[in-house]
Each structure stands twice: as C-alpha cells, then as structure tokens.
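Descriptive structure summary
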Amino acid sequence: MSENEAVGSTGGLVPITQGEWSGWSTWKGDAFEQRAGPFFERRDHDGSFVTAFRAEERHMNGAGFMHGGCLMTFADSALFTIATEALAGSHGVTMHLAGDFLDPARVGQLIEARGEVVRAGGKTLYVVGMVTADGAPVLSFNGIIRKVRRS
C-alpha cells in the first residue's frame, strides 16, 4: 500500500500476504503512520504484540542515524499495538509519551517494538516498551493512553 492510498481512506488493520511483511498487518486509513513508516504489527508466538518497520534513508537525520522524531512516532504507534487487548476495541489518545534514546539505528535495520501494559484501570492504560534495531535496544519508552468514545 502506498502512503497515498491511506489518505482519506477508512478501514482498520489490513493483512499483508506477500513480501517481507507477509503475516503482518498495517493500518489502512492512518495516513500519518503510512508516511512515517509504514508500521506493521502482529501477534507474536508468545501471545504478545510486536510492531515493526524497516529503516530507510528517509527515516535518517543529517548524521545518518534514525531521526529521534521517527523513533518517538514509532513508539507512539507501538503504545496502541502493545495495548490492543486492554483497549478492547476502544479508541484512545496518547496522554503522555517519554523515551530514553539508548543507541542509534541505521538504514536497513529491522526496527521492532515490544512491551507490556503495566496498569489498566477504567479509561487509563500505562504502557512500557523497548524499541530495538536488529535486536539491539535503541529506545526505551513509556506512555499513558486514555480511552475515548467513538464519535
């Protein structure tokens, strides 16, 4: 799916059936994530959720490392993937997102995020996670999601 296919479209998770991302899904209708990534997600063998993308030149800063804003955008998206079950079909907004940059990511690396919901009560979910580049930690993050009603 090209980034332009997502602009103004509706829909949810779309399964990928071919190529590197076969067996994963991506969000149709989220134009920003399609442009920033695109980001892909799936349920891992242990039942947890993982989200990922492949680092490209367009994700890099002037020094040749992944732009911090790209990593934080990815972490923000990952919050919601990690919290899939706790959200139980609800929509949510990010109330808080913080990250600690641990190491640079480079072109060609597989960027993945995994984590867990550490507290879920009422409308508020607390999530912690780790972004890795080819398995090496590059960003630890934590965030708070607030469930909101669909309009």
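Cut-offs used in this document
Residues numbered from 1 in each chain as written. Predicted model: local features only at pLDDT ≥ 70, side-chain atom pairs only at ≥ 80, totals over all residues. Heavy atoms only, no water. Helix = DSSP H or I, 4+ residues; strand = E, 2+ residues; numbered from the N terminus. Buried < 20%, exposed > 50% of the residue type's maximum accessible area, 1.4 Å probe, protein only. Polar contact = N/O pair within 3.5 Å; in protein donor to acceptor, adjacent residues only side chain to side chain. Core = buried A, V, L, I, M, F, W, Y, C linked by side-chain atoms within 4.5 Å. Pairing = 2+ DSSP bridges. Phe/Tyr/Trp six-rings, centres within 6.5 Å; stacked < 30°, edge-to-face > 60°. Expected span 1.5 Å × (residues − 1). Salt bridge = Lys/Arg side-chain N within 4 Å of Asp/Glu carboxyl O. pLDDT = per-residue confidence, 0-100. Contact = heavy atoms within 4.5 Å.

Tracing the backbone through its elements, the reader meets Thr26 in strand β2 (residues 25-27). Residue class for Thr26 comes out buried when judged on its relative accessible area of 3%. Of note is the side chain of Thr26, whose polar atom sits 2.8 Å from the backbone oxygen of Phe39.

Our focus in this paragraph is the nonpolar core. Ranked by size, the top nonpolar core spans 27 residues in total, and within it Met66, Ile111, Val131 and Phe141 carry the most contacts. The set of elements that each furnish at least two residues to this core consists of α3 (68-82), β6 (110-121), β7 (124-133) and β8 (136-148). Looking at this core element by element, the count peaks at eight residues for α3. Residues Trp21, Trp24, Val50 and Ala52 belong to the second largest nonpolar core, which totals five residues.

Of all 10 residues that make up β7, seven are buried, and the element is covered over most of its length. Bridge analysis of β6 against β7 gives 10 bridges, and the strand direction is antiparallel. If you follow Ala113 over to β7, its bridge partner there is Val131. The antiparallel pairing of β6 with β7 creates a hairpin that spans two residues between the two strands, and Gly122 there sits at a positive phi of about 60°. In this structure, β7 lies alongside β8, joined through 10 bridges in antiparallel fashion. In the strand pairing of β8, Val128 is matched with Asn142.

According to the stated counting rule, one finds five aromatic pairs in the structure shown. Judged by centre distance (4.4 Å) and plane angle (10°), the ring pair of Trp21 and Phe40 falls under stacked. Taken together, the residues Trp21 in the loop between β1 (13-15) and β2 and Phe40 in strand β3 (residues 40-43) connect sequence positions 19 residues apart. Residue Phe40 is classed as buried on the basis of its relative accessible area, which comes to 10%. Consider the rings of Phe53 and Phe74, whose centres lie 4.9 Å apart with planes at 65°: the pair is edge-to-face. With a gap of 21 residues between them, Phe53 in strand β4 (residues 49-54) and Phe74 in helix α3 connect regions that are remote in the sequence.

Another point: α3. When the terminal C-alpha atoms of α3 are compared, their 20 Å separation across 15 residues agrees well with the 21 Å that a helix rising 1.5 Å per residue should span. Listed in full, the buried residues belonging to α3 are Cys70, Leu71, Met72, Phe74, Ala75, Ser77, Ala78, Leu79, Thr81 and Ile82.

Per the stated rule, a full pass over the model turns up five salt bridges. Note that Arg114 is salt-bridged to Asp44, the shortest N-O span being 3.0 Å. Of this pair, Arg114 sits in strand β6 while Asp44 sits in the loop between β3 and β4; the two residues are 70 residues apart in sequence, bridging distant segments of the chain. Residue Arg58 pairs with Glu56 through a salt bridge whose shortest N-O separation is 2.8 Å. Salt bridges linked by common partners bring Asp44, Glu112 and Arg114 together as one network.

This part covers the confidence of the model for the chain. When pLDDT is averaged along the chain, the result is 91; 92% of the residues meet or exceed 70. Confidence, read as mean pLDDT per element, is least for helix α1 (residues 3-6) in the chain (41) and greatest for β7 (98). Predicted confidence is poor over residues 1-9, with pLDDT under 50, and the contacts of this stretch with residues over four places away or in other chains come to 16 contacts.

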